[in-house]
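Fold and contact review
Okay, here's what each chain looks like letter by letter:
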Amino acid sequence: MKLTAQYIESMAKLSRLELTEMEKNAYAKELDEVFRYIDKLQQVNTDGVQPTDFIHVIQTIRDRKDEK
Amino acid sequence: MELYKLTIHEARELLRKREISSRELTKSVLERIRATEGEIRSFISIDFNNALKQAERFDKMQKKSELHELPDLAGIPYGLKDNICTRNMRTTCASRIMEYFSPVYEGTVVKKLRDSHAVLIGKLNMDEFAIGSSGETSIFPHTRNPWSADRVPGGSSGGSAASVAADQLLFSLGSDTGGSIRQPSSFCGIVGMKPTFGAVSCFGLVPFATSLDQIGPLCKDVTDCAIVMNAITGFDARDKASAKIKHPDYTTFLIDDVSCMRIGFSQKWMAGNLNEDVRNAIEKAKAMFEDMGAVIEEVSLPHIEYAVPVYFLISSAEASYNLTGVDGIRMGYEKGAIPELDELAEYVGMHELGSAVKKRILLGNIALCSEHYETYYMKALKVRTLIKQDFAQAFEKLDLILSPTNPDTAFRFGEMQDNIVKMYEYDAFTVPVNLAGLPAMSIPCGFDSKGLPIGMQLIGKHFGEEALFRAAYTFEQNTDHHLKSPLLRHPQ
């Protein structure tokens, strides 16, 4: 994936962030570098692996007694 | 006597014997802060009057013998990272947008410490919303490393670490999402602990990445760390990640003996860019454990090299969600007339958030958007499972894993700003611990050729704090690294 200033602009709009031209260019360059680094994850074989969101089972509202 | 230099357990003995009062101790600490704060700049807010009032209230109670048994932290001055909500002191997260935020509720840890009659002195500097590893993203004057004023204290709990290292406080609390307690503790030469995920309630902590955040203590030695753990751990129904377990008395783990302990060590993990002084200090510590009867075993953690990218995807994704609340409606400073809601949020992004925070929001949203969800976010969650399994497998036959806390010692201000990936890789030893929800501690294990402290990291299994404390205490009892203090430019 190649991150361009245009793409950052559209993502910023969706994220409700207003960026200056300078920021758009700088962030595109920096985040592009970051994603190139992150891309090494694609080497890992994750077939059949379950995702982990939380380490323990999270208590839900049902676990909690009604109280004032 | 310079009371501010005391550890918690030393001060506790003197308070119990009534050789000192909490007022004397608190006054000494406040004078120390007055003398050194110009150099260290670890505080965002200090409440001098209220601190003395709390100390006097405790002294009065003790005089009237209203307290049968003094809680361990009674009368002890401490500080909180400024992302832990306090009712009568603002909580800023070192961000412009929360500069005047005064919470109507307080964190569970704050209540627990108040019930222990500890004396809250103030709120400590940090990276904006805890996003950063140097303290440089704070909107307040940047905290300096007590060992070298031109270097960072580390982050994000930079103020929490610097204040304890500079004897401005007897202990502090910080939060650790990817190393934010352990890394600054190692840069400042103190003991910092990230407990098992769920051991300490995070209710009242402004969240960064909810599945990784954990509150923990920063102290002058391992004994103090156990004392603070006793006061802050426990189940809390208001934190949905809080673990329903019976917590032990952590001070019973302070045993000077590591014989037959099985300690894992990974040469492969250490193979990357590592400062030679750090490598030597860790090798020396390893040899020392071996001499004292511990069994050192090579450990294989096959997916550990992927921990940093996994961490950055997950923490950014969770941060981008957690920061949706920061839209300028509920908080934020006076901005005059802005007609549309969308414009307000955009205005906030432009004027009130720092660039490190904005980059994290963008990174998280890019990873979460539908076209990249499977390739990035979901992939990261799956590799997280593999990392968790690596540790689980390793701990089937190990009590602990030993590593450096950081690949290098404290860096200079501005040194890392242009190199985001290098700064990320600085976290290679700390982030896997958060991904797997394990407990870990950073303890001082030497100094580099520049005289800067080096930290050693001990990692335990889930709720395996016993092994952590035992090994850390043994190491501390047989070395003197933790006894050295930085020479400040303007000593009292």
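Refer to the structure printed above.
So, here's what we can say about the structure. In this text the structure is predicted, and so the values were computed from the model without any measurement.

Reading guide: rules and limits
Residues numbered from 1 in each chain as written. Chains lettered and ligands numbered in written order. Predicted model: local features only at pLDDT ≥ 70, side-chain atom pairs only at ≥ 80, totals over all residues. Pairing = 2+ DSSP bridges. Helix = DSSP H or I, 4+ residues; strand = E, 2+ residues; numbered from the N terminus. Axes fitted to C-alpha atoms, helices over the stretch in contact; angles between N-to-C directions. Contact = placed C-beta atoms within 7 Å. Nonpolar A, V, L, I, M, F, W, Y, C, P; charged D, E, K, R; others polar. Core = buried A, V, L, I, M, F, W, Y, C linked by C-beta atoms within 7 Å. Buried ≥ 20, exposed ≤ 12 C-beta atoms within 10 Å, placed from the backbone.

As a further point, take the sheet that holds strand β7 (residues 262-265) of chain B. Residues and elements named next belong to chain B. What the 11 strands build is an open sheet, ordered β1-β3-β2-β4-β6-β5-β10-β11-β9-β7-β8; its pairing is mixed. Looking at strand neighbours, the two that pair on one side only are β1 (43-46) and β8 (295-298), the edges of this open sheet. Averaged over neighbouring strand pairs, the angle between their axes works out to 30 degrees when direction is ignored. Across four bridges, the pairing between β7 and β8 is parallel.

We now examine the interface of chain B and chain A. Taken residue by residue, the interface counts 40 residues in chain B and 30 residues in chain A. Breaking the side of chain B that touches chain A down by element, the ones donating at least two residues are α9 (307-322), α10 (341-351), α11 (355-368), α12 (373-394) and α13 (420-425) of chain B. Top element by residues in the side of chain B that touches chain A is α12 of chain B. It accounts for 10 residues. Classifying every residue of the side of chain B that touches chain A gives 24 nonpolar, seven polar and nine charged.

As a further point, take unusual backbone geometry. All names here are of chain B. The omega torsion of the bond from Gly 155 to Ser 156 falls at 10 degrees, within 30 degrees of zero and hence cis. Examined against the element boundaries, Ser 156 turns out to sit in the loop between β3 (119-124) and α5 (158-165). Its identity as a non-glycine residue notwithstanding, Phe 129 has a phi of 55 degrees, on the positive side. Tracing the sequence through the fold places Phe 129 in the loop between β3 and α5.

It is worth spelling out the nonpolar core at this point. As a rule of thumb, soluble globular proteins bury nonpolar side chains together. Residue and element names in this part refer to chain B. Counting residues in each nonpolar core, the largest one holds 164 residues, and the members touching the most others are Ala 307, Val 310, Leu 313, Leu 400, Leu 458 and Ala 472. Take this core: its biggest share by element is nine residues, from α9. Apart from the residues lying within four places of it in its own chain, the contact partners of Ala 472 are Val 222, Met 441, Ile 443 and Leu 458.

Looking now at the pairing of strand β4 (residues 171-176) of chain B. Residue and element names in this part refer to chain B. Buried residues dominate β4, accounting for six of its six residues. Going residue by residue along β4, you find Phe 171, Leu 173 and Ser 175 tucked away on one face and Ser 172, Gly 174 and Asp 176 tucked away on the opposite face as well. Direction of pairing for strand β2 (residues 77-81) relative to β4: parallel, over a ladder of three bridges. Paired with Gly 79 across the bridge in β4 is Ser 172. The pairing of β4 with strand β6 (residues 214-219) spans six bridges and is classified as antiparallel. Bridging from a neighbouring strand, Asp 176 pairs with Gln 214 of β6.

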